[in-house]
Amino acid sequence: MASLTTTSPLLHHIILVLILTPLAFSDQTHKTYIFRVDYDAKPSIFPTHFHWYTAELTDPTRILHVYDTVFHGFSASLTPSQAARTLQHPSILASFEDRRRQLHTTRSPQFLGLRNQRGLWSESDYGSDVIIGVFDTGIWPERRSFSDLNIGPVPKNWKGVCQVGVKFSAKNCNRKIIGARFFAKGHEANEGFGGLGGGINDTIEYKSPRDADGHGTHTASTAAGRYAFKASFEGYAAGIAKGVAPKARLAVYKVCWKSSGCFDSDILAAFDAAVNDGVNVISISIGGGDGIASPYYLDPIAIGSFGAVSRGVFVSSSAGNDGPNGMSVTNVAPWIMTVGAGTIDRNFPADVILGDGRKIGGVSLYSGLPITGKMYPLVYPGKSGVLSASLCMENSLDPSEVKGKIVICDRGNNPRVAKGLVVKKAGGIGMILANGISNGEGLVGDAHLLPACAVGSDEGDFIKGYSSAAVLPTASISFGGTIIGIKPAPVVASFSGRGPSGMNPEILKPDIIAPGVNILASWTDVVGPTGLDSDTRKTEFNILSGTSMSCPHVSGAAALLKSAHPDWSAAAIRSAMMTTANNLNNMLHPMTDEATGKASTPYDFGSGHLNLDRAMDPGLVYDVVNSDYVSFLCAIGYGPKTIQVITRSPVNCPEKKPMAENLNYPSIAASFSSASMGVASKTLMRTVTNVGETNAVYKVKVEAPKGTTVIVKPGKLVFTEKIRKLSYFVTVKVVRKNIVMGDSGALFGSLSWMDGKHVVRSPIVVTQIDPL
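What you see is a predicted model; the values in this text were computed from it and never measured.

**Observations regarding the overall build of the protein chain**
On a plain count of helices and strands, the protein chain comes out with 19 helices and 37 strands. Its C-alpha atoms give the protein chain a radius of gyration of 26 Å, near enough to 28 Å, the size a compact globule of 772 residues would have. With respect to the three principal axes, the spread of C-alpha positions in the protein chain is 80 × 65 × 60 Å. Burial statistics for the protein chain: of 772 residues in total, 60% are counted as buried. Of the accessible surface of the protein chain, which amounts to about 28700 Å², a share of 54% is contributed by carbon and sulfur atoms. For the protein chain, the centre of its 72 positive side-chain charges and the centre of its 62 negative side-chain charges are spaced 4 Å apart.

Structural data, given as structure tokens:
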């Protein structure tokens, strides 16, 4: 696989300069650039780095942010020629243009194995005194989920602030929301992004931590919302709403702005602030949105996360919503916990009843007046062959064709709820939203503005077939409310970002999946549940789907584990979740893929589905220290200067190049050249730390990927009071002629260490890579 990560250090430096040197010097439009500076090169004559930057490197009026914690350097609004001149300064290690990122947009805690008064909730005191920093669109602080009733004083280690602004005062912070900041300088400087930067639009936004979008309120309450009784979304999902860590504290970092995304320069500033403030966990449901992973040294989320993790902060991030395509997972740096999405055992069924009596199952969150029992004419505008009409795009429907009818719309291009609005404006009475092949049978509920039902690809084709074959096709839609105890669950969500990692297949990504489909959580007061301008409904809670929803489940889980085990590192917390994850659904069968209905693989779910009942006591953990990550970066071909962009401090790579697969990760991936003939073999090393009973003996159980041989030495690990860490070696052998790769291009197995009480499981992935 051709990628920058396999080049030599010298070539990397050349590529870096080529990437970062502006090509069009004639264009004097100001853009935002982020400069990585050699921190130790500051002349002693300057009292601060800011004085040095503004004296030697750039005009003080052009600087947006100065970074001094997770990253050393600054961001500035410059012309390409000014940026090129700044880049020539010997103290500048690298530079990259600011980019815009996108958001990866009640019963889930029980589904994760959490129970009142026992287990992890009880052992961790519900996450009390652990601080979760949420990078998102802000917060609506008045929601019941953010009450500080019966919560103790603000933790002594907290150094953050409550930043006031439009409609947000110091009183909006409390013992629950202990800090709030907003970051807009990068957003305001980027006037070149289709007019979406260049200032805060105060008709739709608040220049403050207040949430004008809803996404940030939803993710914050998913991670750490308090108990809220009689919660529901317009009657759906009724019950007690609560976050995964109900007593954890929240620190809000508003880096994303309504309808205009989140800029790298602001995200990096938030990382800097959050680590200085004293957060323990960072939750970031943000990504590139294009399914393409950037090299780590050009990715501020990867850089900021490394700075956070190196200081003991756990970082949880979303895997992206570009599934079910392979290699669509984002946020793949090995120091980040990358979270995909699965379903839970709750659903919101709706049925399409056809004129011939047949009933087709789907889902809906429509809560208006029903149309049950009455049949209406059925029409599919897409039969004309006009793509915009099949997708029900704005102004694509002829009112004379759809008025008084139920309209079939294909999913894609414009928001699902917006299609219903188009149908409604054209006089349609209802909508059937049909998946295409890429979405398969994966369904999410939407709060439609007219009677509507989403159906899978096969069902959609069936309904279209009926509409074209029948002389006078008719249909109706009935709504089934909320059903719990759905089987099978979890199922890997069709939209969830999939492996392998486009950067380094030696590290299995995503790491894990967590609930991310139809999740009930708190909502802003200024946006209707659909987010459409015409939706004027007010709702305390909303139901959303996306890896944006699964990420804060893991953030809350990390807070619980940190509270129960304060001495555990970020890597130990990640390991505890990964090695105890479920691979079976609630029918005790292997998890399936929503897109295909077939068995899913570790490329879909990583190590499995989060199971917090077992994560509290994992037995063994795979720990990683900063120098291990540096060895990994050396192994993938980064040179010392390139690595310093990420690590902040100078490094030296060993003369003998390390193996990337030897990073002490809780999953195991072995890659072989497809050109190799005969028998090929690779030996990897792992080290486990005993965090369970002192005198423990673990024996290995191996399920080798089909057609391979896996040998583990030693086959037994004996821990004592003095021996808490032990290493073992895994040798993977493949016979070229025996290997038959599946649809995913990989073979899967597992390795488990067992002591009679604990099962410490790691997936094994064997894949072939074409030589460059």
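There is more to say after this.
**What about the pairing of strand 2 (residues 63–67)?**
The element strand 2 is extensively covered by neighbouring structure, given that four of its five residues are classed as buried. Relative to strand 3 (residues 73–78), strand 2 runs antiparallel, the two sharing four bridges. Its bridge partner being in strand 3, Ile63 is matched across the sheet by Ala76.

**Examining the state of the cysteines**
This model, assessed by the stated rule, comprises four disulfides. Here Cys634 pairs with Cys653 through a disulfide, and the sulfurs are 2.0 Å apart. Between Cys634 and Cys653, the S-S torsion sits near -85 degrees, and that sign places the bridge as left-handed. Residue Cys634 is located in helix 18 (residues 626–635), and its partner Cys653 is located in the loop between helix 19 (640–647) and strand 30 (668–673); the two are separated by 19 residues in the primary sequence. The exposure class assigned to Cys634 is buried, which follows from its relative accessible area of 5%. On the basis of relative accessible area, Cys653 is assigned to the partly exposed category, the value being 29%. Counting only cysteine sulfurs, Cys409 is the nearest neighbor of Cys453, a cysteine outside any disulfide, at a range of 13 Å. Accessibility expressed as a relative area gives 0% for Cys453, which makes it buried.

**Side note on the packing of aromatic side chains**
The geometry of an aromatic ring pair is captured by two quantities: the separation of the ring centres and the angle between the planes. With the rule as written, the count across this model stands at 22 aromatic pairs. Here the aromatic rings of Tyr33 and Phe35 are separated by 6.3 Å at their centres, their planes lie at 35 degrees, and the arrangement is tilted. Across the pair, exposure class does not vary: Tyr33 and Phe35 are buried alike. Measuring from ring centre to ring centre gives 5.6 Å for Tyr236 and Phe348, while their planes differ by 90 degrees; the resulting arrangement is edge-to-face. Pair noted here: Tyr236 is in strand 9 (residues 236–241) and Phe348 is in the loop between strand 17 (346–347) and strand 18 (349–354), with a separation of 112 residues, a long-range link.

**Here we look at the packing of helix 18 against helix 19**
Between helix 18 and helix 19, whose axes approach to 10 Å, the crossing angle comes to 140 degrees. Looking at the two axes, helix 18 sits oblique to helix 19. Judged by the twist between their axes, the crossing of helix 18 over helix 19 is right-handed. Contact residues: Val630, Leu633 and Cys634 in helix 18; Ile643, Ile646 and Thr647 in helix 19. Among the residues forming the contact of helix 18 with helix 19, the class breakdown is five nonpolar, one polar and no charged.

**Some thoughts on the pairing of strand 1 (residues 31–37)**
Each regular strand shows side chains that alternate between the opposite faces of the sheet. For strand 1, a buried count of six out of seven residues is recorded, marking the element as mostly surrounded by other parts of the structure. Sheet topology note: the strand 1/strand 3 ladder contains six bridges and is antiparallel. Pairing of Tyr33 across the sheet is with Ala76, part of strand 3.

**Digging into the nonpolar core**
Generally speaking, soluble globular proteins have nonpolar side chains that are buried together. Among the nonpolar cores identified, the biggest contains 106 residues, and Phe135, Tyr253, Tyr296, Trp335 and Met577 are the most heavily contacted of them. By residue number, the principal contributor to this core is helix 8 (residues 264–277), which donates eight residues. The contact partners of Tyr253, leaving out residues within four places of it in the chain, are Gly133, Val134, Phe135, Asp136, Trp158, Arg181, Phe183, Ala270, Ala273, Ala274, Asp277 and Val279. By size, the runner-up hydrophobic cluster in this structure holds 25 residues, among which are Leu684, Leu717, Val732 and Val766.

**Some thoughts on the confidence of the model for the protein chain**
In the predicted model, the protein chain carries a mean pLDDT of 89, and the fraction of residues at 70 or more is 91%. Scored below 50 in pLDDT, residues 192–197 makes 11 contacts in the model with residues more than four places away or belonging to other chains.

**Overview of the sheet that holds strand 10 (residues 249–254)**
Whenever strands of a sheet pair, they do so through backbone hydrogen bonds, lying parallel or antiparallel. If you trace the seven strands from one edge of the open sheet to the other, you get 7-10-6-13-15-16-26, paired in parallel fashion. Each edge of the open sheet carries a strand with a single partner, namely strand 7 (177–182) and strand 26 (512–515). The mean angle between the axes of side-by-side strands here comes to 25 degrees, regardless of whether they run parallel or antiparallel. Sheet topology places strand 15 (residues 314–318) next to strand 16 (residues 337–342); three bridges connect them, and they run parallel. Opposite Ser317, over in strand 16, you have Thr338 as the bridge partner. Helix 15 (residues 570–579) rests against strand 15, strand 16 and strand 26 of the sheet, and its axis sits at about 50 degrees to strand 15.

**Regarding the pattern of salt bridges**
Counted under the stated rule, the structure contains 25 salt bridges. A salt bridge links Arg181 to Asp277, with the shortest nitrogen-to-oxygen separation between them at 2.8 Å. Here the residue Arg181 occupies a position in strand 7, and Asp277 occupies one in helix 8, the gap between them amounting to 96 residues. With respect to class, Arg181 is no different from Asp277; both count as buried.

**A short note on unusual backbone geometry**
Look at the link from Lys487 to Pro488: it is a cis peptide, with omega at -5 degrees. Structurally, the position occupied by Pro488 is in the loop between strand 25 (483–484) and strand 26. Residue Pro510 follows Lys509 across a cis peptide bond; omega there is 0 degrees. For Pro510, the location among the structural elements is in the loop between strand 25 and strand 26. Positive phi is not limited to glycine here, since Asn150 has a value of about 60 degrees.

Here is what the cut-offs are and how they apply
Residues numbered from 1 in each chain as written. Predicted model: local features only at pLDDT ≥ 70, side-chain atom pairs only at ≥ 80, totals over all residues. Heavy atoms only, no water. Helix = DSSP H or I, 4+ residues; strand = E, 2+ residues; numbered from the N terminus. Rg over C-alpha atoms; globule rule 2.2 N^0.38 Å. Buried < 20%, exposed > 50% of the residue type's maximum accessible area, 1.4 Å probe, protein only. Areas by Shrake-Rupley, 256 points an atom, 1.4 Å probe, with all protein chains shown as cover. Lys, Arg positive; Asp, Glu negative; His and termini not counted. Charge placed at Lys NZ, Arg CZ, Asp CG, Glu CD. Pairing = 2+ DSSP bridges. Disulfide = S-S within 2.5 Å. Phe/Tyr/Trp six-rings, centres within 6.5 Å; stacked < 30°, edge-to-face > 60°. Axes fitted to C-alpha atoms, helices over the stretch in contact; angles between N-to-C directions. Parallel < 35°, antiparallel > 145°, perpendicular 65-115°, else oblique. Left-handed = near helix turned anticlockwise from the far one by under 90°. Contact = heavy atoms within 4.5 Å. Nonpolar A, V, L, I, M, F, W, Y, C, P; charged D, E, K, R; others polar. Core = buried A, V, L, I, M, F, W, Y, C linked by side-chain atoms within 4.5 Å. pLDDT = per-residue confidence, 0-100. Salt bridge = Lys/Arg side-chain N within 4 Å of Asp/Glu carboxyl O.

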